[in-house]
Amino acid sequence: MAEMKTYAGGCHCGQVKYEVQTDMAQVVSCNCSICSKRGLLLNFVTPEQFKPVSGVDSQKLYQFNKKVIEHLFCPTCGVESYGTGVGPDGKRMFAINVRCLEGVDLSTLTPMPFNGREM
Ligand SMILES: [Zn+2]
């Protein structure tokens, strides 16, 4: 079931589009202040797995707290379809909002709780 696939992702209005190669083996439901307000379900990938298609550079940036994570959202429809940041190991990661991918059946996923609130 954790099959590697190429998923098309993006915001609601269609301005921001990307492709991501990943599997749905690990989906995280984070309880931090922004994830709980936005209802984000996240799948983490490396830059090699992430391919911008359009509108990615037109996004607005939102940061808070330690400003480690770059929360990006579409200036037109406001949807955060992914975020990015550099991990403790110095490597950039992309946090894909699984809800913004096409062809993912959310009811088949078992999101792992992640205690982002305490970080
Ligand atoms: Zn949009």
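Cut-off values and rules
- Residues numbered from 1 in each chain as written.
- Predicted model: local features only at pLDDT ≥ 70, side-chain atom pairs only at ≥ 80, totals over all residues.
- Heavy atoms only, no water.
- Pairing = 2+ DSSP bridges.
- Helix = DSSP H or I, 4+ residues; strand = E, 2+ residues; numbered from the N terminus.
- Axes fitted to C-alpha atoms, helices over the stretch in contact; angles between N-to-C directions.
- UniProt positions renumbered as here; feature names shortened; annotations may be inferred.
- Phe/Tyr/Trp six-rings, centres within 6.5 Å; stacked < 30°, edge-to-face > 60°.
- Buried < 20%, exposed > 50% of the residue type's maximum accessible area, 1.4 Å probe, protein only.

Some thoughts on the sheet that holds strand β3 (residues 28-30)
Link 1 in the chain: The seven strands are arranged β6-β7-β8-β9-β4-β3-β10 in an open sheet whose pairing can be described as mixed. Either end of the sheet is taken by a strand with one partner, and the two such strands are β6 (60-62) and β10 (112-114). Across this sheet, the average inter-strand angle for adjacent strands is 35°, counted without regard to direction.
Link 2 in the chain: In this sheet, strand β8 (residues 82-86) lies alongside strand β7 (residues 69-73) in antiparallel orientation, the contact comprising four bridges. Residue pairing for β8: H71 is matched across the bridge by G83.

A word on the UniProt feature "domain: CENP-V/GFA" (unreviewed entry) in the protein
Link 1 in the chain: When the UniProt feature table is mapped to this numbering, "domain: CENP-V/GFA" (unreviewed entry) covers residues 7-115.
Link 2 in the chain: With 6% helix and 41% strand, the stretch residues 7-115 has end C-alpha atoms that lie 27 Å from each other.

Focus on the packing of aromatic side chains
Link 1 in the chain: Counting across every chain of the model gives six aromatic pairs.
Link 2 in the chain: Plain terms: the ring middles of Y18 and Y82 are 5.2 Å apart, the flat faces sit at 80° to each other, and that makes the pair edge-to-face. Residue Y18 is located in strand β2 (residues 17-22), and its partner Y82 is located in strand β8; the two are separated by 64 residues in the primary sequence.
Link 3 in the chain: For Y82, a relative accessible area of 3% puts it in the buried group.
Link 4 in the chain: An aromatic cluster is present here, built from Y18, F50, Y82 and F94 joined pairwise through their rings.

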